[in-house]
Amino acid sequence: QSALTQPASVSGSLGQSITISCTGTTNDVGGFDYVSWYQHRPGTAPDLLLYGVTTRPSGVSNRFSGSKSGNTASLTISGLRAEDEATYYCSSYARSTHQVFGGGTKLTVL
Amino acid sequence: EEQLVQSGAEVKKPGESLKISCQRSRDVFLNYWLGWVRHTPDKGLEWMGIIFTGDSHTIYSPSFEGQVAMSVDRSTNTAYLHLASLKASDTAMYYCARQISRYGDYITWGQGTLVTVSS
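Predicted, not measured: the structure shown is a model, and the values here were computed from it.

**Student:** Whenever I open this one, the overall build of chain A confuses me. Can you help?
**Tutor:** Across its full length, chain A holds zero helices and nine strands. Going from the N terminus to the C terminus, chain A shows its helices and strands as β-β-β-β-β-β-β-β-β. For 110 residues, the compact-globule formula gives about 13 Å, and the C-alpha radius of gyration of chain A, at 13 Å, lands near that figure. If you line up chain A on its principal axes, its C-alpha atoms span 40 × 30 × 25 Å. Counting over 110 residues, chain A shows a buried share of 47%. Long-range contacts, defined here as pairs at least 24 residues apart, represent 57% of the contacts in chain A between residues at least 6 apart. Working note: accessible area of chain A is about 4,900 Å², and carbon and sulfur atoms make up 45% of it. When the 7 basic and 6 acidic side-chain charges of chain A are each reduced to a single mean position, those positions are 3 Å apart.

**Student:** Could you clarify how one ought to interpret the environment of Gly8 of chain B in this entry?
**Tutor:** Note on placement: Gly8 of chain B falls in the loop between strand 1 (4-6) and strand 2 (10-12). Expressed as a C-alpha distance, the spacing of Gly8 of chain B and Val115 of chain B, which sit 107 residues apart in the sequence, is 9.0 Å.

**Student:** Is there a simple way to explain the sheet that holds strand 2 (residues 18-23) of chain A in this structure?
**Tutor:** Strand pairing in a sheet relies on backbone hydrogen bonds. The paired strands run either parallel or antiparallel. Residue and element names in this part refer to chain A. On the basis of which strands lie adjacent, the open sheet formed by three strands has the order 2-6-5 and antiparallel pairing. Lying at the two open borders of the sheet, with one neighbouring strand each, are strand 2 and strand 5 (64-69). This sheet shows a mean twist of 20° between the axes of neighbouring strands, independent of strand direction. The pairing of strand 5 with strand 6 (residues 72-77) spans six bridges and is classified as antiparallel. Counterpart to Ser69 in the pairing with strand 6 is Thr72.

**Student:** Where do I start with the interface of chain A and chain B in this structure?
**Tutor:** You'll often see interface size given as the accessible area lost when the parts meet. On the chain B side, the residues contacting the 18 residues of chain A number 20 residues. Overall, the association of chain A and chain B removes approximately 1,700 Å² of surface from exposure, summing both partners, and the carbon and sulfur fraction of that is 68%. Among the residues of chain A in contact with chain B, His98, Gln99 and Phe101 of chain A are the three that bury the most area, contributing 33% of the side total. Taken together, the connections running from chain A to chain B amount to zero salt bridges. The interface formed by chain A and chain B contains seven residue pairs in polar contact (both at pLDDT 80 or more). The residue makeup of the side of chain A that touches chain B, split by class, is 10 nonpolar, eight polar and no charged.

Conventions used here
Residue positions are counted from 1 within each chain, in the order its sequence is given. Written order determines the labels here, with chains lettered from A and ligands numbered from 1. It should be noted that, the model being predicted, local features are given only for residues of pLDDT at least 70 and side-chain atom pairs only at 80 or more, the latter also being counted only at that level, while totals for whole chains, interfaces and linings use all residues. The basis for every side-chain value is the complete set of non-hydrogen atoms in the structure, without hydrogens or water. Segments assigned H or I by DSSP are reported as helices when at least four residues long, segments assigned E as strands when at least two residues long, and all are numbered from the N terminus. Computation of the radius of gyration draws on C-alpha atoms, with the globule rule given as 2.2 Å multiplied by the number of residues to the power 0.38. For every residue, the accessible area (1.4 Å probe, protein chains only) is compared with the maximum for its type, and the residue is labelled buried under 20%, exposed over 50%, or partly exposed between those bounds. We call two residues in contact when some of their heavy atoms are within 4.5 Å. Shrake-Rupley sampling with a 1.4 Å probe provides the accessible areas, and residues are treated as covered by the protein chains on show and by no other component. Positive charges are assigned to Lys and Arg, negative charges to Asp and Glu, while His and the chain termini are left out of the count. To locate a charge, take atom NZ for lysine, CZ for arginine, CG for aspartate or CD for glutamate. Two strands qualify as a pair provided DSSP detects at least 2 bridges between them. Lines fitted to C-alpha atoms define the axes here, with helix axes fitted over just the stretch in contact, and angles between the N-to-C directions of these axes take values from 0 to 180 degrees. Buried area counts how much accessible surface, traced with a 1.4 Å probe, disappears from two parts once they are put together, with both parts' losses summed. Salt bridge criterion: a side-chain nitrogen from Lys or Arg within 4 Å of a carboxyl oxygen from Asp or Glu. Between N or O atoms, a polar contact is any pair within 3.5 Å; within protein, one atom must be a potential hydrogen donor and the other a potential acceptor, and residues adjacent in sequence are included only when both atoms are from side chains. Residues are grouped as follows: Ala, Val, Leu, Ile, Met, Phe, Trp, Tyr, Cys and Pro are nonpolar; Asp, Glu, Lys and Arg are charged; all remaining types, including Gly, are polar.

Put into structure tokens, the structure is as follows:
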């Protein structure tokens, strides 16, 4: 069982916005601002989309944004495109285990 | 552009050991945190641990401690992941990745090393 809880799947239509949640505890997501989000397409290595909850690395589209409230972090993708179809993972610094990933959310673009 | 280049795919039998390499392309060997992440279709991404290249300080995931070892060879800019007593359930893609900080923000990833464990 993954330490961080994500929905197994989400879907959205082209041009729409979707939000993926990532729920942990006060020992990880809720206790630290060290949440990262990754996009993982089949056959490729994951790509870092956000770190420090809200910071985008250079080159990442501003269609990707992050937030956090309590023990739940969220990734929002606006203006959905076909190429956004992928699996998205959150991760967080964790007090006891140092780092944990979520179980992943498969995004389908309709 | 920074790159992490991993060693090629491996096929092993149960009980065997394996060492995966991850070489950083840059000439200057700066001190940084490098992590190892396992991916399987069933479990997704799993954090295995990290190593600080400056002094080889390691932090292992409780899920992998005792089963893996991480090391660094500063003379060749190469990090290694040692996997011992392989089981069929260790069949996975293994990635190395460099962190921005020590808190899990993996900015640069290797291409992955596919490990297949089968009798």
